[in-house]
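Examining the three-dimensional arrangement
These are the residues of each chain, in order.
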Amino acid sequence: MSDARRDETLGGFIVHGVPFPIETDPDALAFLKRMTPIQIEQEYSITYLHSYGQDSPWFAGASNKRLLASQDPESGYAYATPRGHDMYSGRETEWIDITDRTATVHAFTVCYFGSEEFLPDTPFVLALIEYEGVNTLFLTRLIGLDHRQASLEWIGREVQPRFLRNSKLKPTDVYFVPT
Amino acid sequence: MRPVYALSGGVSKFAKARPDKTFQAIVKEAYDYAIADLGLDFPTFTKAVDGSVASYFSDHFSRQLMAGIMAQDYLGLVPKPSHRVEGGGATGGLCFQEAWKSIASGHMDVCVAYGFETMSHVETWKGNEFIALASDVSWDYPVGGFYSGYYAMMVTRHMKEYGTTVEQMAAVSVKNHLNAYHNPYAQKRNRYTIDDVRNSPMVAWPLTRLDICVMSDGAAAVIFASEEGIERLAAAGADITQPLVKVTGIGRGTDAMRMGDRPHVDYESFISDYATEQERDSDDTRAYYRELWERGTRYPGVHSFRAGRTAGNMAYAQAGISDPLAELDFVELHDAYTSSEVQTYEDLGLCRYGEGGPFAASGKAFMPGIDYGLDLTDDPVCPVNPSGGLIACGHPVGATGLMQGVFAVWQLQNTIGKHFGDDTLQVADARRGAIHSHAGTGTYVSVSILEKEGN
């Protein structure tokens, strides 16, 4: 370690016994106002049973290597990330298969830092994908580009979906690569 | 609705960590300051106030449900009415407006809005995770939930559409950090150069660490009153600062939680539904926008915040503002990212869509009398984030929008020097200002207009 600052973590030694005045006379009690605070660690862990509800067929599709979207049956307004009901008509949407349609990068970034869950993945490329004939965008990981060469030229680039061989039933079951 | 006045405010020192006090006691720092600035003691104000609104974003950070009532209890405000407001990053701005409504509706004559967040209880990467849970946990979070990443995607699109540069964004960072140098409440008070910003560690391309606000522990409070409430406080011995500061307009907007779900509307829809009054009335601006649309721009997409434009237009209409750049003397806006300050210039009509980058580097949003070490082409017109904004003050979420309210009240009272111990950041003859609070990727946005009475 040279002059670089060490990353701090919450962890510390377990201490048995906390300094405290031997006698609780008025001076000692008044001194308590000048104490530094006591901080303890609290663990917190939960397992949720999360339902994809009406969006579930999308995950079934991805686990079978098909990319689904939804559209309003009358207007044709299509959502790359499915919605059970159209936000303009309120009508129930229908499923469409967009796997083989032309897709391009609409926007992207390279994440060098992140939430705790995704730190092991850094650096990774996040991208919003634009699909031909689809009105909204799809958030995904973009693989196969050198993150050190990030450039606005990546926007507009044609990409195609790839699917995990073993589905995790997450939106990351699909990712995109340059064509 | 009745006239509503913002009489006083208080802000705790925003800091990376405040383990010396619990959140209730940090709130009390801000609350006590606001009471003292009215010249009242604690029991007298407690008797005079009708109720409160509490503002905090995340139950996760404190690992405490119903934290609002714990603050209410600690402040000695029970059994008076109160409720908690939550709307992501806009929580403080929404709280400000809920307190306004309590007065405007006649439900209360004196109401205090207080807000807080203690984000230091978890490590930064866990904090990022908590914040990212404010994105769709079925679709967006699992892909790599990280707000800096979301904002970086938005700005790559903004750069592609409009030619916005990283140096223009860095000018925002230089401005806000140096403004904060004169603000004792701010967490980061530094002089930086454009190179410093660009050479700081990359977080989410193209945003570096100095393009991004920091997590913070802090609290803020604002006291509101009706005319009857002012009479009550004065009768109790309050020294009410004159001229009064009136809240003359509030506006709010929303947008889809998943930014990818936002529409890409055509030119006609943009002009009829979203253009500012000034934009609609200008042949030149309509021609400018026609050309943008012919080049492929669609609105709002992911490069603009429709919620911010909606909130701004609503607040401006109520306050009678048609040319925001000329009619506002300052703006405290939600600069969680330098890029979002650039985007928000456009949403608030301080410049046209597509011109936020050049506007950022022009000097129009800078404070007069401060040497930023930049070659600015224009004189200051409407200082934006004279306090230093979120980037330099910090962003203890539930407190942030109220902090903006406090600083706006002080600007309009001409008391920045008194509260900061330095009048460098006092906007000369400030008569009208705006505060802007923003959540998620632009999901809830509030804009409130404050004016010096007799303006």
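Scroll up for the structure.
Everything numeric here is computed off the predicted structure, so don't read it as measured data. (Residues numbered from 1 in each chain as written. Chains lettered and ligands numbered in written order. Predicted model: local features only at pLDDT ≥ 70, side-chain atom pairs only at ≥ 80, totals over all residues. Heavy atoms only, no water.)

**A look at the packing of helix 5 (residues 91-104) of chain B against helix 20 (residues 397-413) of chain B**
All names here are of chain B.
- Remark: helix 5 packs on helix 20, axes separated minimally by 6 Å, with the N-to-C direction vectors making an angle of 55 degrees. One way to sum up the angle between helix 5 and helix 20 is to call them oblique. The handedness of the crossing between helix 5 and helix 20 comes out as right-handed. Counted together, T91, G92, G93, C95 and F96 of helix 5 and V397, G398, G401, L402 and G405 of helix 20 form the full contact between these two elements. (Axes fitted to C-alpha atoms, helices over the stretch in contact; angles between N-to-C directions. Helix = DSSP H or I, 4+ residues; strand = E, 2+ residues; numbered from the N terminus. Parallel < 35°, antiparallel > 145°, perpendicular 65-115°, else oblique. Left-handed = near helix turned anticlockwise from the far one by under 90°. Contact = heavy atoms within 4.5 Å.)

**Things to note about the packing of aromatic side chains**
- Evaluation of the coordinates by the stated rule reveals 42 aromatic pairs over all chains.
- Seen in terms of ring centroids, Y77(A) and Y88(A) are 5.0 Å apart; in terms of plane orientation they differ by 70 degrees. Their pairing is edge-to-face. Placement of Y77(A) in the loop between strand 1 (68-71) and strand 2 (78-79) and of Y88(A) in the loop between strand 2 and strand 3 (94-97) is noted, with a sequence separation of 11 residues between them.
- When the ring of Y151(B) is compared with that of F305(B), the centres are 6.1 Å apart and the planes differ by 45 degrees; the resulting orientation is tilted. (Phe/Tyr/Trp six-rings, centres within 6.5 Å; stacked < 30°, edge-to-face > 60°.)

**With respect to the interface of chain A and chain B**
- In this complex, chain A contributes 51 residues to the contact, which on the side of chain B involves 41 residues.
- At the surface where chain A touches chain B, the tally comes to two salt bridges.
- Joining chain A to chain B, the criterion identifies 22 residue pairs in polar contact (both at pLDDT 80 or more).
- Contributing elements (two or more residues each) for the side of chain A that touches chain B: helix 2 (56-63), strand 4 (103-111), strand 5 (124-131) and strand 6 (137-142) of chain A.
- Here the side of chain A that touches chain B gets six residues from one element, more than from any other, and that element is strand 4 of chain A.
- Taken together, the residues that form the side of chain A that touches chain B break down as 29 nonpolar, 14 polar and eight charged. (Salt bridge = Lys/Arg side-chain N within 4 Å of Asp/Glu carboxyl O. Polar contact = N/O pair within 3.5 Å; in protein donor to acceptor, adjacent residues only side chain to side chain. Nonpolar A, V, L, I, M, F, W, Y, C, P; charged D, E, K, R; others polar.)

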